[in-house]
Amino acid sequence: MEKSILGIHHITAITDDPQRNIDFYVGILGLRFVKKTINFDAPDTYHLYYGDDLGHPGTILTFFSWPGSPKGRRGVGQATAISFAVPEPSLSYWQEQLSTHHIPFEGPTSRFDEHVLSFSDPDGLALELVASPSNEQGSVWIQGPVPVEYAIHGFHSVTLSVAKPEGTEALLTQVLGFHQLAQADKRTRYALSTSGMGTIVDVLHTPGARGGIESVGTVHHVAWRTADDERQLEWRRRLLDLGTSVTPVQDRMYFHSIYFREPSGILFEIATDQPGFPVDEAVEELGTHLKLPPWLESQRSTLERTLPSIHLPEQQLK
């Protein structure tokens, strides 16, 4: 079987207002809106997907829309920051872009020889832009508002906040295939030997911090990549052999998923790279239609009346 997972497949967070979410991630950060669908487990709410030109694994940020839900709280037992990779010379552009849109930010600060710009989305979700020479890979969305030379290339890393790091670190290194790369203060960096976007995890040791509360403005889960269904089943068998409670395989249309909680309580997923987002929508039309799984098509008219109206910024409609 695979010696390690391949990196971050996607990260899913929670938003309140779906239109404000689209305006921010497409109109300001310049990501492509690659899929408009519903939460398969709560079909009266949206599931929104953003990424690069095709929504390649390693670039996909998704949101469950929970309108009217209370603000969550970042804390122990959560993924507490999502870091995007940007080209090294781009941070001055991003400082100006955020300032223009009245978005407060901190930095750039130095972390493990990289420069980091920190800010939050409209729901309070913690985001970072990380600039380094290795961030030139990836397929950026060239039709967005951000010039190609400054555009987000995908995920750099995710930060996990834990009270007792030993269990989380053992899972990362002994099961998922990460190795320790660096350590500074309470932050330990782990990396995969594979190339691609999203191959870094930072574990933040915060023993005295409060536990997180999952709701608007927090991360719901982190999904790791595996190549195909066969390898996913191998991962499931391995986790079960270790005594981990793992769900059966779930059909998410654009990938297949299994879910489990790591020792600090953070929800992890292992998702397949295939079949991808163009499976039910032409590449040039990604994100422009409400897509439903076959088992919910009979409810389309009801769902379309129930879901709030949303639209894409002009940048993606060109």
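Our subject in this report is the structure included herewith.

Scoring rules and cut-offs
- Residues numbered from 1 in each chain as written.
- Predicted model: local features only at pLDDT ≥ 70, side-chain atom pairs only at ≥ 80, totals over all residues.
- Heavy atoms only, no water.
- Pairing = 2+ DSSP bridges.
- Helix = DSSP H or I, 4+ residues; strand = E, 2+ residues; numbered from the N terminus.
- 1 Å grid on protein atoms, 1.4 Å probe; cavity = no way out; pocket = protein on both sides within 12 Å on 5 of 7 lines; lining within 4 Å.
- Points joined across faces, edges and corners; volume = space filled by probe spheres on them.
- Nonpolar A, V, L, I, M, F, W, Y, C, P; charged D, E, K, R; others polar.
- Core = buried A, V, L, I, M, F, W, Y, C linked by side-chain atoms within 4.5 Å.
- Buried < 20%, exposed > 50% of the residue type's maximum accessible area, 1.4 Å probe, protein only.
- Contact = heavy atoms within 4.5 Å.
- Axes fitted to C-alpha atoms, helices over the stretch in contact; angles between N-to-C directions.
- Phe/Tyr/Trp six-rings, centres within 6.5 Å; stacked < 30°, edge-to-face > 60°.
- Salt bridge = Lys/Arg side-chain N within 4 Å of Asp/Glu carboxyl O.
- Lys, Arg positive; Asp, Glu negative; His and termini not counted.

1. Here we look at the sheet that holds strand β4 (residues 60-65)
Taken in spatial order, the eight strands of this open sheet run β2-β3-β4-β1-β13-β16-β15-β14, and their pairing is mixed. The open sheet terminates on both sides in strands that have one partner only, identified here as β2 (32-39) and β14 (250-251). Looking at chain direction, strand β13 (residues 219-226) and strand β16 (residues 267-272) are connected through five bridges and run parallel. When the sheet's bridge partners are listed, Trp224 is paired in β16 with Ile270.

2. Here's the deal with empty space enclosed by the protein
As enumerated under the stated definition, the model contains one cavity of 30 Å³ or more in all. Empty space within the largest cavity amounts to approximately 60 Å³. Taken together, Gly30, Leu31, Gly51, Asp52, Thr59, Phe84, Val140, Trp141, Ile152, His153 and Gly154 form the lining of the largest cavity. Here the lining of the largest cavity is composed, by residue class, of five nonpolar, five polar and one charged.

3. With respect to the nonpolar core
The biggest cluster of nonpolar side chains holds 78 residues, and the ones touching the most others in it are Tyr25, Leu29, Phe84, Leu176 and Trp224. The biggest single contributor to this core is helix α1 (residues 18-28), with five residues. Residue contacts for Leu176: discarding those within four places in its chain leaves Lys3, Ser4, Ile5, Leu171, Leu192, Trp224, Trp235 and Phe268.

4. As for the sheet that holds strand β9 (residues 154-162)
In space, the eight strands of this open sheet follow the order β6-β7-β8-β5-β9-β12-β11-β10, with mixed pairing throughout. A single partner strand is all that each edge strand has here, and the edge strands are β6 (105-111) and β10 (179-184). Direction aside, the axes of adjacent strands within the sheet are offset by 25 degrees on average. As paired elements, strand β7 (residues 114-120) and strand β8 (residues 126-131) share six bridges and run antiparallel to each other. Opposite His115, over in β8, you have Ala131 as the bridge partner. Sheet contacts for helix α2 (residues 91-100): β5 (78-86), β6, β7 and β8; angle to β7, the most-contacted strand, approximately 10 degrees.

5. Notes on the packing of aromatic side chains
Applying the stated criterion to the full structure yields 16 aromatic pairs. Seen in terms of ring centroids, Tyr25 and Phe63 are 4.9 Å apart; in terms of plane orientation they differ by 45 degrees. Their pairing is tilted. Of this pair, Tyr25 sits in helix α1 while Phe63 is found in strand β4, placing the two residues 38 residues apart along the sequence. Between Tyr49 and Tyr254, the aromatic rings sit 6.3 Å apart at their centres with planes inclined by 75 degrees, giving edge-to-face as the arrangement. Taken together, the residues span a long stretch of sequence, with Tyr49 in strand β3 (residues 42-51) and Tyr254 in the loop between β14 and β15 (256-261) at a distance of 205 residues. With respect to class, Tyr49 is no different from Tyr254; both count as buried.

6. A closer look at the pattern of salt bridges
As enumerated under the stated definition, the model contains 13 salt bridges in all. Where Lys35 meets Asp280, a salt bridge forms, and the shortest distance between an N and an O atom there is 2.7 Å. One end of the pair, Lys35, is in strand β2; the other, Asp280, is in the loop between β16 and α5 (300-306), and 245 residues separate them in sequence. Here Glu304 ties to Arg300 by a salt bridge, and the two come within 3.2 Å at their closest N and O atoms. With Glu304 and Arg300 both in helix α5, this residue pair falls four residues apart, about one helical turn.

7. A few points about the side chain of Asp52
For Asp52, the position within the fold is in the loop between β3 and β4. In this structure, Asp52 is buried with no salt-bridge partner, the nearest side chain bearing the opposite charge being Arg32 at 7.7 Å. Sequence-distant contacts of Asp52, that is, excluding residues within four places in its chain, are made with Arg32, Val34, Thr59, Ser139 and Trp141.

8. Quick notes on unusual backbone geometry
The peptide bond linking Gly107 to Pro108 adopts the cis configuration, its omega dihedral lying at 10 degrees. Relative to the assigned elements, Pro108 resides in strand β6. The omega angle of the peptide bond from Gln274 to Pro275 is 10 degrees, so this bond is cis rather than trans. Relative to the helices and strands, Pro275 resides in the loop between β16 and α5. Of note in the backbone geometry, His102 takes a positive phi value of approximately 60 degrees without being a glycine. Inspection of the secondary structure assignment puts His102 in the loop between α2 and β6. Here the phi dihedral of Asp113 falls at roughly 65 degrees; this positive angle occurs in a residue that is not glycine. Residue position: Asp113 is located in the loop between β6 and β7. On the basis of relative accessible area, Asp113 is assigned to the exposed category, the value being 77%.

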